[in-house]
Amino acid sequence: MEKNYPLHLLNTWRIGGPAETVYWPETTKDLAIVWQRALKAEIPVWLIGRGSNLLLPDEGLPGIVLVTSSLRAIQWGDHTVQVEAGYMLARLAQEAGERGWSGLEFARGIPGSVGGAIVMNAGAHGSEVASQIMSVTALWADGTVKKLERAELEFAYRFCSLRGQAWVLEVQFNFSPGDRKQILSQMTENLTKRKANQPLEKPNAGSIFRNPPGDSAGRLIEAVGWKGRSVGGAQVSDKHANFIVNTGNAKSRDVLALMDAIQEAVQLKFGVTLQPEVEYLQK
Ligand SMILES: Cc1cc2nc3c(=O)[nH]c(=O)nc-3n(C[C@H](O)[C@H](O)[C@H](O)COP(=O)(O)OP(=O)(O)OC[C@H]3O[C@@H](n4cnc5c(N)ncnc54)[C@H](O)[C@@H]3O)c2cc1C
């Protein structure tokens with residue numbers, strides 16, 4: 001447990017002030033116990049996976065921030081895997097691919113945890129996590145732990161019915177038998193495309209806005225002239241307009257100001273309300 005821990009160390013944007021307390025549970029039971037105690041004591045609790053879809057506030061966060069990165073137990077079955085929420089999705093994809101198991105090729109370049117990927121229904125290249133899930137074990141707000149089968153969960157574009165309702169502890173995925181060489185080369189190709197199109201050399205949080213139906217947020221942002229523009233240390237990437245990069249000392253207020261300006265410009269020119277994909281955690 002750490003007190004006054006800098007939040008900027010807990011997210012890919014490298015932004016955020018001090019957290020009152022940060023705790024890295026070693027087991028899912030441990031996480032549930034801390035949650036139940038905090039609930040009783042009315043202490044606010046925040047959950048972070050790999051922080052790759054989060055904007056964390058300059059003012060910091062009160063209460064307890066729980067980070068799932070130590071929850072990494074994994075058990076491989078026959079074209080199935082049972083894995084804890086803190087495991088890296090991209091690593092899981094790579095390890096499944098090396099076994100010649102197909103299904104998560106799209107996920108090789110997504111830098112989040114398994115738990116974060118479930119609640120975001122992370123996806124790319126026309127595929128999404130939802131299609132590989134068998135079951136999810138989660139902790140509900142009242143402190144109960146339940147295992148839900150795939151049919152009991154709802155998924156849509158970057159949406160899962162568990163989001164904001166429960167914390168994912170463990171997930172069971174299934175795979176199809178495939179050709180190892182082909183799977184690995186598909187993943188390499190996906191990574192190469194990302195390197196070419198995304199500003200991976202600077203801290204960022206992936207896509208800022210959801211793509212509106214039938215369109216792309218990047219295209220709209222470029223069309224209103226915001227590509228490459230900055231507020232403070234936050235800059236709309238000149239490689240991909242739906243990414244905001246931290247050029248060194250970005251603050252959350254810089255990112256929020258950029259997002260507001262973009263939303264206003266796109267609304268004015270196209271009548272489209274861009275919806276954020278990144279989540280802003282604030283007290
Ligand atoms: C370079 C880059 C590329 C990216 N590319 C893609 C992409 O192609 N496709 C895509 O979908 N996303 C992409 N992302 C966004 C991000 O990686 C995904 O949304 C990822 O699933 C987030 O996982 P995380 O562990 O980082 O979640 P966090 O950012 O830590 O958290 C996001 C939300 O999930 C919640 N959460 C985290 N863990 C759990 C849990 N165990 N149970 C319940 N809630 C939880 C948090 O409380 C928060 O509300 C990209 C990000 C970056 C930086």
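If you're wondering where the values come from, they're calculated on a predicted model, not measured in any experiment.

Moving on, we come to the domain arrangement of the protein chain. Along its sequence, the protein chain is organised into domain 1 (2-70), domain 2 (74-196) and domain 3 (200-280). Counting residues at the interface gives 7 residues for domain 2 and 6 residues for domain 3. The contact between domain 2 and domain 3 buries some 600 Å² in all, and 40% of this surface belongs to carbon and sulfur atoms. Along the contact surface separating domain 2 from domain 3 lie 2 salt bridges. One salt bridge connects glutamate 279 with arginine 163, and the closest N-O pair in it is separated by 2.6 Å. The interface formed by domain 2 and domain 3 contains 5 residue pairs in polar contact (both at pLDDT 80 or more). If you tally residues by element for the side of domain 2 that touches domain 3, the top one is helix α4 (residues 180-197), at 3 residues. Grouping the amino acids of the side of domain 2 that touches domain 3 by side-chain chemistry returns 3 nonpolar, no polar and 4 charged.

This next bit is on the pairing of strand β2 (residues 18-23). Judged from the 4 bridges that link them, strand β1 (residues 2-6) and β2 form a sheet pairing that is antiparallel. Among the inter-strand pairings, lysine 3 is bridged to a residue of β2, identified as threonine 21. Across 4 bridges, β2 lies against strand β5 (residues 61-67) in parallel orientation. Counted as the bridge partner of alanine 19 is leucine 61 from β5.

Before going further, it helps to spend a moment on the pairing of strand β11 (residues 133-140). In terms of burial, β11 is largely enclosed, as 7 of its 8 residues are buried. Note that β11 and strand β15 (residues 166-174) share 7 bridges and pair antiparallel. Paired with leucine 139 across the bridge in β15 is tryptophan 167. By the bridge criterion, 5 bridges tie β11 to strand β12 (residues 145-149) in an arrangement that is antiparallel. Residue pairing in the sheet places alanine 138 in a bridge with lysine 146 of β12. Taking the residues between adjacent antiparallel strands as the criterion, β11 and β12 are bridged by 4 residues, where glycine 143 takes a positive phi near 95 degrees.

Within helix α2 (residues 89-98), 7 of the 10 residues are buried, which leaves it mostly tucked inside the rest of the structure. Among all positions of α2, only Leu89, Ala90, Leu92, Ala93, Glu95, Ala96 and Gly97 are buried. In this fold, the buried residues of α2 make contact with β6 (74-76), β7 (80-84), β8 (101-102), α3 (114-120), β15 and α4. Phi for glycine 100, located one or two positions after α2, is positive at around 85 degrees.

What follows concerns the site of the ligand. The immediate surroundings of the ligand are formed by 33 residues, with Leu47, Ser52, Ser113, Gly123 and Glu279 found nearest. One nitrogen or oxygen atom from the main chain of leucine 47 is found 2.7 Å from an oxygen atom belonging to the ligand. Here an oxygen atom of the ligand sits 2.9 Å away from a polar atom, N or O, in the main chain of arginine 50. Compared with its free state, where it exposes 970 Å², the ligand has 94% of that area covered by protein. When contributions to the shell around the ligand are tallied by element, the ones reaching two or more residues are β3 (45-48), α3, β9 (123-124) and β15.

For helix α6 (residues 252-270), which comprises 19 residues, the first-to-last C-alpha distance of 27 Å matches the rise-based estimate of 27 Å (1.5 Å per residue) to within 8%. Of the surrounding elements, those touching the buried residues of α6 are β4 (54-55), α5 (217-223), β17 (230-231), β18 (234-236), β19 (244-246) and β20 (279-280). Positive backbone phi, at 70 degrees, marks glycine 271, one or two positions downstream of α6.

Thresholds, definitions, all that
- Residue numbers restart at each chain and count upward from 1, following the sequence in its written direction.
- A pLDDT threshold of at least 70 governs which residues receive local features in this predicted model, and a stricter bar of 80 or more applies before side-chain atom pairs are shown or counted, although totals over entire chains, interfaces and linings include all residues.
- Only hydrogens and water are removed before side-chain values are computed, so all heavy atoms of the structure are retained for them.
- Start and end positions for the domains come from either an automated domain assignment or a database one.
- Between two residues, a contact is recorded if the distance between any of their heavy atoms is within 4.5 Å.
- Note on definitions: buried area is the accessible-area loss of two parts on being combined, 1.4 Å probe, summed for both.
- By definition here, a salt bridge exists when the distance from a side-chain nitrogen of Lys or Arg to a carboxyl oxygen of Asp or Glu is within 4 Å.
- Throughout this description, a polar contact denotes any pair of N or O atoms lying within 3.5 Å of each other; where both atoms belong to protein, one of them has to be capable of donating a hydrogen while the other can accept it, and for residues adjacent in sequence the pair is counted only when both atoms sit in side chains.
- Under the DSSP-based scheme used, a helix requires at least four consecutive residues in state H or I and a strand at least two consecutive residues in state E, with every element numbered from the N terminus.
- Polarity classes work like this: nonpolar for Ala, Val, Leu, Ile, Met, Phe, Trp, Tyr, Cys and Pro, charged for Asp, Glu, Lys and Arg, and polar for all others, with Gly in that last group.
- Two strands pair under a simple rule: DSSP has to find at least two bridges between them.
- Only protein chains enter the accessibility calculation, which uses a 1.4 Å probe; a residue is then buried when its area is under 20% of its type maximum, exposed when over 50%, and partly exposed in between.
- Any residue with a heavy atom lying within 4 Å of a molecule or strand is counted as near it.
- Here the Shrake-Rupley method, with its probe set to 1.4 Å, supplies the accessible areas, and only the displayed protein chains count as covering residues.
- To estimate how far a helix should reach, multiply one less than its number of residues by 1.5 Å.

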